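This is what each chain is made of:
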Amino acid sequence: MQLRYSFRLYPSAGQHAALARAFGCARVVYNDALRARETARSKGLPFPKTGDLSKALITEAKKRPERAWLGEVSAVVLQQSLRDLDMAYRNFFDALKGRRPRVGAPRYKSRKDTRQAVRFTANARWSITPGQRLRLPKIGDVGVKWSRTLPSMPSTVTVVKDSAGRYFASFVVQTGPEEILPETTPELGIDLGLGHFAVLSDGRKIDSPRFLRRAEKRLKKAQRDMSRKVKGSSNRNKARIRVARAHARVADARREFHHQLSTKLIRENQAVAVEDLAVKGLARTRLAKSVHDAGWSAFVGMLEYKAARYRRTFVRIGRFQPTSQVCSACGVQDGPKPLHVRVWTCRACGTVLDRDINAAVNVAKAAGLAVTARGAQVRRGPVPAQRGEAGTRPEPHPTTVRQTGIALL
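These figures come from a predicted structure and were not determined experimentally.

Visitor: Hey, could you run me through the environment of R119 in this one?
Guide: As for its placement among the helices and strands, R119 is situated in strand β2 (residues 116–120). Separated by 37 residues in the primary sequence, R119 and T156 have C-alpha atoms spaced 7.2 Å apart. Once residues within four sequence positions are removed from consideration, R119 is found in contact with V76, V77, Q80, R83, D84, V157 and T158. At a separation of 2.9 Å, a polar atom in the side chain of R119 contacts the side chain of Q80. A distance of 2.8 Å separates the side chain of R119 from the side chain of D84, its partner in a polar contact.

Shown next, in the form of structure tokens:
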């Protein structure tokens, strides 16, 4: 399978200017191609092909004085910009036909966009020098912070400038069968929440790091400072970068947590099951900030691709499965319960159940995994007498225990 490896770049002052030229030229070609296609559509003309656009907007445009500066950057960067527009149109049309989630029509790029990117393929003859620098055509040898070893020779490299002004090199590499892990026995169900980030079917509970909540004080101060600056001024741009860097630190910490936890779970278990949560719906509730801070979608995506990479089994069960209502010991559905009920007793078998661990066990069972109730998950309680044996006593009711804290399920 193909994977992306990102590394931090440290360009010099001259390379900053060369990368800015590459970003600008790629943006201009993209916008010119988009304008040509929109003009043809409005006039009812045939849709211009990529080859014709390449000839008119790159090859011929370099000969005109007003576009002669396109020759200052690698032609591969400009060709890839046209391919990006093709992909944007393809995704838009596939969304209209219901083949993928809904996306909007391609839009013009702006020089004020805080994120810029250009892509170099093998035709650009980029390389990694013996001194471990990244050699890019018409840019030079850029310093790279190699945090890990590439598993194979990359096919393409994308240079990205993010909102915080940092530069990254994103490599596309092909992994082989050497990535397959040896088979193991455990199988795991995962219940994602807010009180705990993840509750596992073996009884473990992973605390939620709450990266955004912990950084709120610093973020508020940076945002207040930016709001006091004059719009369009150099000081406001500096303040914007400080805000972007504060958000980048939060995002990096969250991503690192997701990577470490997902890798650990995939390595330790042969099969992993999670529930398909309605994150977009939950993000419109009063818990929106906490839902975004948890980053469930990114974590589940990591589990899915790492399971495919290491030949593990990944199962996503439906979001309408009553995992919090069914007793994992006897399978009887005991009805919905308020969120403050964290421990409940099954009125059928009398088992005392932890709400989150019981849900994790039910997630695994719904996925068809061989998960059984362990000592950390449930404990047997007193079994109520049958109606015929109870005499005139009232029918016993399930006992509940109230605990503080917020949980999703």
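Visitor: Just to check I follow, could you spell out the environment of L200 for this structure?
Guide: Of note, L200 is situated in strand β9 (residues 196–200). C-alpha of L200 to C-alpha of D356: the two residues are 156 residues apart in sequence and 8.4 Å apart in space. Contacts of L200, omitting those with residues within four sequence positions, involve L188, G189, I190, L265, I357 and A360.

Visitor: What's the story with the pattern of salt bridges in this structure? I'm lost.
Guide: A side chain with one charge may pair with a side chain of the opposite charge, provided their charged atoms come close. Under the defined criterion, the tally for this structure stands at 25 salt bridges. A salt bridge links D86 to R37; its shortest N-O distance comes to 2.8 Å. In this pair, D86 sits in helix α3 (residues 75–96) while R37 sits in helix α1 (residues 13–42), placing the two residues 49 residues apart along the sequence. For the pair formed by D86 and R37, the shared burial category is buried. For D162, the salt bridge is made with R166, and the minimal N-O distance between the two is 2.9 Å. By relative accessible area, D162 is classed as buried at 15%. Counted as one network, the salt bridges with shared partners bring together D162, R166, D252 and R255.

Visitor: How should I be thinking about empty space enclosed by the protein in this particular structure?
Guide: Regions of empty space are outlined by a rolling probe, equal in size to a water molecule, passed over the atoms. Per the stated rule, a full pass over the model turns up three cavities of 30 Å³ or more. Here the largest cavity is characterised by a volume of approximately 60 Å³. Lining of the largest cavity is provided by G193, L194, S208, R210, R213, S290, D293 and A294. Tallying contributions element by element places helix α8 (residues 288–294) first for the lining of the largest cavity, with three residues. Residue composition of the lining of the largest cavity, by class: two nonpolar, three polar and three charged. Reported here for the second largest cavity is a volume of approximately 50 Å³. Considering the residues around the second largest cavity, the lining is formed by A18, R21, A22, E72, V73, S74, V77, F120, P137, K138 and I139. No other element matches the three residues that α1 contributes to the lining of the second largest cavity. For the lining of the second largest cavity, a count of residues per class yields seven nonpolar, one polar and three charged.

Visitor: Looking at this model, I keep getting lost on the layout of surface pockets. Mind explaining?
Guide: In this structure, the largest pocket spans a volume of roughly 1,200 Å³. What lines the largest pocket is a set of 34 residues, and nearest its centre among them are S6, R148, D252, R255 and H259. Taken together, the elements giving at least two residues each to the lining of the largest pocket come down to β1 (2–10), β7 (167–174), α6 (234–268) and α9 (296–309). No other element matches α6, which puts 10 residues into the lining of the largest pocket. Its residues placed into classes, the lining of the largest pocket shows 14 nonpolar, seven polar and 13 charged.

Criteria and cut-off values
Residues numbered from 1 in each chain as written. Predicted model: local features only at pLDDT ≥ 70, side-chain atom pairs only at ≥ 80, totals over all residues. Heavy atoms only, no water. Helix = DSSP H or I, 4+ residues; strand = E, 2+ residues; numbered from the N terminus. Contact = heavy atoms within 4.5 Å. Polar contact = N/O pair within 3.5 Å; in protein donor to acceptor, adjacent residues only side chain to side chain. Salt bridge = Lys/Arg side-chain N within 4 Å of Asp/Glu carboxyl O. Buried < 20%, exposed > 50% of the residue type's maximum accessible area, 1.4 Å probe, protein only. 1 Å grid on protein atoms, 1.4 Å probe; cavity = no way out; pocket = protein on both sides within 12 Å on 5 of 7 lines; lining within 4 Å. Points joined across faces, edges and corners; volume = space filled by probe spheres on them. Nonpolar A, V, L, I, M, F, W, Y, C, P; charged D, E, K, R; others polar.

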